[in-house]
Amino acid sequence: MIDLKGNPFTLTDEQIAWVRDTLEGLSDEEKIGQLFCVMGGDYAPETLKEMAAKGKMGGVLFRPVKPCEEIRADYAPLDAVAKVPLLKAANLEEGGSGGMSDGTLFGWPMLTAATDDAETADRFGVVCAVEGRRAGINWTFSPVCDLDLNYLNPITNVRTFGSDPDRVQKMTAHYVAAVQSRGMAACAKHFPGDGVDYRDQHLHPTYNTLAADRWYASYGAVYRNLIRQGLLSIMVGHIGQPYVAKEANPDLSDEELALPASLSKTLLTDVL
């Protein structure tokens, strides 16, 4: 049984009752639908509304190609028919501009980290949360918790808070606290950690090849710190970590060790 009063839920008895009553009222198909966050721009508005009404999605993400008020208008008909309140996502990883065309570009995470000032990370999180909530967004796919360890990596670089694990831990902790204290759920990414491989995990699986002890002292420490402070969600990448998986379960086959975290029970359940 999940402790809904504990970290990260911290729900009251009344809220727990709502969760259980709502869950019991969902069909199997509607429960499955809660697993999906769809790309809103890929569907006609009426199709999207029908999906929300029939419980075929738990969340929706609109790309930031429209101004704030238009994005709110896109959410409104979905909110009106959704049986369970929708998660409304955006990549608010550089400011409000990650969620809407008229949002503020605060700066890339590495720019924030260059100040080495925790208050700057606080302000960063405030801008993302306040502007995102104004557009109706309640779930941000940030902070980026990767480390910039390989300059050839095509994904991380300035999207990270740098290469120093201590600074990354400090900056991400302040960002998450600022975002979540303002009603926005944070989603740290990309577990078990991008920035080591030179390839793009969006195109095919890549690998975090740090030794287990070094991983736990860097990437692992960042995630552990955020989980302890009540981080609400984590985005798992198509990234393998064979050394950590092997330490967690020495009996894994070579094929199992090669699985990305997104498909690895060991990395998802035993480690994370």
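Refer to the preceding data block for the structure.
### Details of the pattern of salt bridges
Applying the stated criterion across every chain, the model contains eleven salt bridges. Here Lys-170 makes a salt bridge to Asp-116, at a shortest N to O gap of 3.0 Å. Pair noted here: Lys-170 is in helix H7 (residues 165–180) and Asp-116 is in the loop between helix H5 (109–114) and helix H6 (118–134), with a separation of 54 residues, a long-range link. The class of Asp-116 is partly exposed, set by a relative accessible area of 38%. When salt bridges with common partners are traced through the structure, they connect Glu-93, Arg-159 and Lys-189 into a single cluster.

### Points about the environment of Arg-228
With respect to the secondary-structure elements, Arg-228 resides in helix H9 (residues 219–228). By relative accessible area, which is 66% here, Arg-228 ends up exposed. Taking the C-alpha atoms as reference points, Arg-228 and Asn-7, separated by 221 residues in sequence, lie 7.5 Å from one another.

### Notes on the side chain of Gln-241
Its place among the elements puts Gln-241 in the loop between strand S8 (239–240) and helix H10 (242–248). Exposure remark for Gln-241: the relative accessible area of 1% places this residue in the buried category. In contact with Gln-241, other than residues within four places in its own chain, are Pro-192, Asn-208, Thr-209, Leu-210, Trp-215 and Leu-267.

### Let's talk about the nonpolar core
Ranked by size, the top nonpolar core spans 52 residues in total, and within it Leu-48, Met-57, Leu-78, Ile-137 and Leu-226 carry the most contacts. Looking at this core element by element, the count peaks at six residues for H7. Leaving out residues up to four positions away in the same chain, Leu-78 has contacts with Leu-48, Lys-49, Ala-52, Met-57, Val-60, Phe-62 and Leu-86. Listed in part, the six residues of the second largest apolar core include Leu-61, Phe-141, Ala-185 and Cys-187.

### Let's talk about the environment of Phe-141
Considering the arrangement of structural elements, one finds Phe-141 in the loop between strand S4 (139–140) and H7. For Phe-141, a relative accessible area of 11% puts it in the buried group. Here the alpha-carbon distance between Phe-141 and Ser-233, two residues 92 residues apart in the chain, equals 8.9 Å. Aside from chain neighbours lying at most four places away, what touches Phe-141 is Cys-37, Leu-61, Ala-89, Ala-90, Asn-91, Glu-93, Cys-187, Lys-189 and Met-235.

### Side note on the packing of H6 against H7
Packed helices, taken two at a time, are described by the angle between their axes plus the distance between the axes. Orientation of H6 relative to H7, taken along the N-to-C sense of each, is 40°, at an axis distance of 7 Å. H7 is crossed by H6, and the crossing has right-handed handedness. Residue-level contacts link Ala-118, Ala-121, Asp-122, Phe-124, Gly-125, Val-126, Cys-128 and Ala-129 of H6 to Lys-170, Met-171, His-174, Tyr-175, Ala-178 and Val-179 of H7.

Each value, and the rule that gives it
- Residues numbered from 1 in each chain as written.
- Predicted model: local features only at pLDDT ≥ 70, side-chain atom pairs only at ≥ 80, totals over all residues.
- Heavy atoms only, no water.
- Salt bridge = Lys/Arg side-chain N within 4 Å of Asp/Glu carboxyl O.
- Helix = DSSP H or I, 4+ residues; strand = E, 2+ residues; numbered from the N terminus.
- Buried < 20%, exposed > 50% of the residue type's maximum accessible area, 1.4 Å probe, protein only.
- Contact = heavy atoms within 4.5 Å.
- Core = buried A, V, L, I, M, F, W, Y, C linked by side-chain atoms within 4.5 Å.
- Axes fitted to C-alpha atoms, helices over the stretch in contact; angles between N-to-C directions.
- Left-handed = near helix turned anticlockwise from the far one by under 90°.

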